[in-house]
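Read off the chains here:
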Amino acid sequence: KKPEWLPFDQAASLPTAYLTGIQSLRAGNVKEGSSVLVIGASGGCGVAGVQLAKAMGASRIVGICSGKNFEFVRGMSGTEKVEILELVDYTDEDAMNKFKEENVGKFDCIYDTST
């Protein structure tokens, strides 16, 4: 049942983001201890992906989004432990290049919500 405080238009969008996320992360075999990369972490499916990866027991979640959205993603992530969630600013070319070089083959699941 829809909570009274939740508008219908917002309630209607939840299945899209969260069902897409859970299907994708299950297909990616995310489980306890997994390392998950979420591309587009500040969008609806991206936020859902971060939250669901945490709920599924991922030990490392990396979100790609613009730096201006870092606080939003952190606030929505539901991760109490800061070390579980890392964020990378796709608008910072040096940071992205360093991230790519240091993380080749280090993810169990890559959830791309931006393409």
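Scoring rules and cut-offs
- Numbering of residues starts from 1 in each chain and follows the order in which that chain's sequence is written.
- This being a predicted model, a pLDDT of at least 70 is required before a residue's local features are given, and a value of 80 or more before pairs of side-chain atoms are given or counted; all residues contribute to the totals for chains, interfaces and linings.
- Side-chain numbers here rest on the full set of heavy atoms in the structure, without hydrogens or water.
- Throughout this description, the term salt bridge denotes a Lys or Arg side-chain nitrogen within 4 Å of a carboxyl oxygen of Asp or Glu.
- Secondary structure elements are defined from DSSP: runs of H or I of at least 4 residues count as helices, runs of E of at least 2 residues count as strands, and each element is numbered from the N terminus.
- For every residue, the accessible area obtained with a 1.4 Å probe (protein chains only) is divided by the maximum for its type, and the residue is called buried under 20%, exposed over 50%, and partly exposed between those limits.
- Only Phe, Tyr and Trp rings take part, Trp by its six-membered ring, and two of them pair if their centres are within 6.5 Å. Stacked means planes under 30 degrees apart, edge-to-face means over 60, and tilted covers everything else.
- Working rule: Lys NZ or Arg CZ, within 6 Å of ring centre, within 35 degrees of ring normal, means a charge sits over the ring.
- To estimate how far a helix should reach, multiply one less than its number of residues by 1.5 Å.
- Contact definition: two residues touch when any of their heavy atoms are within 4.5 Å.
- As a rule, the C-alpha atoms of each element are fitted with a line to give its axis, helices using only the stretch in contact, and angles between N-to-C directions run from 0 to 180 degrees.
- Note that the term roughly parallel is reserved for angles under 35 degrees, roughly antiparallel for angles over 145, roughly perpendicular for angles of 65 to 115, and oblique for everything else.
- Note on convention: near helix rotated counterclockwise from far helix by under a right angle means a left-handed crossing. Clockwise means right-handed.
- Three residue categories are used. Nonpolar comprises Ala, Val, Leu, Ile, Met, Phe, Trp, Tyr, Cys and Pro, charged comprises Asp, Glu, Lys and Arg, and polar comprises the others, including Gly.

*Asks:* Can you explain the pattern of salt bridges? Please cite residues and give values.
*Replies:* Summed over all chains, the structure comprises three salt bridges. Arg60 is the salt-bridge partner of Glu86, the closest N and O atoms lying 2.7 Å from each other. With Glu86 in strand E3 (residues 85-89) and Arg60 in strand E2 (residues 60-65), this residue pair connects regions lying 26 residues apart in the sequence. A relative accessible area of 30% means that Glu86 is categorised as partly exposed. Judged by its relative accessible area of 18%, Arg60 is buried. For Glu102, the salt bridge goes to Lys98, with nearest N and O atoms at 4.0 Å. Of the two residues, Glu102 and Lys98 both sit in helix H4 (residues 93-102), four residues apart, roughly one turn of that helix. Residue classification places Glu102 among the partly exposed positions, given a relative accessible area of 44%.

*Asks:* Break down the packing of aromatic side chains for me, citing the residues and quoting the values.
*Replies:* Following the criterion strictly, the structure yields one aromatic pair and no others. Note on Phe99 and Phe107: the rings are 6.1 Å apart at their centroids and 45 degrees apart in plane angle, and the pair reads as tilted. For the pair shown, Phe99 and Phe107 are each scored as buried. The ring of Phe8 carries Lys2 above its face, with NZ or CZ at 4.4 Å from the centroid.

*Asks:* Residue-level account of helix H1 (residues 8-27), with values.
*Replies:* For H1, which comprises 20 residues, the first-to-last C-alpha distance of 30 Å matches the rise-based estimate of 28 Å (1.5 Å per residue) to within 8%. Looking at the buried positions of H1, the neighbouring elements they touch are strand E1 (35-39), helix H2 (44-55) and strand E4 (109-112). With its phi angle positive at about 60 degrees, Asn29 sits one or two positions after the end of H1.

*Asks:* Could you give me a rundown of the packing of H1 against H2, with the residues and numbers involved?
*Replies:* Taken N-terminus to C-terminus, the directions of H1 and H2 make an angle of 50 degrees; their axes are 8 Å apart at the nearest point. In this view, H1 runs oblique relative to H2, as classed from their interaxial angle. The chirality of how H1 crosses H2 is right-handed. Counting all contacts with H1, which are made through Thr16, Ala17, Tyr18, Thr20, Gly21, Ile22 and Leu25, the residues of H2 involved are Gly44, Cys45, Ala48, Gly49, Gln51, Leu52 and Ala53. Of the residues contributing to the contact of H1 with H2, the split by class is eight nonpolar, six polar and no charged.

Note that all results are geometric; they support no functional claim without further evidence.
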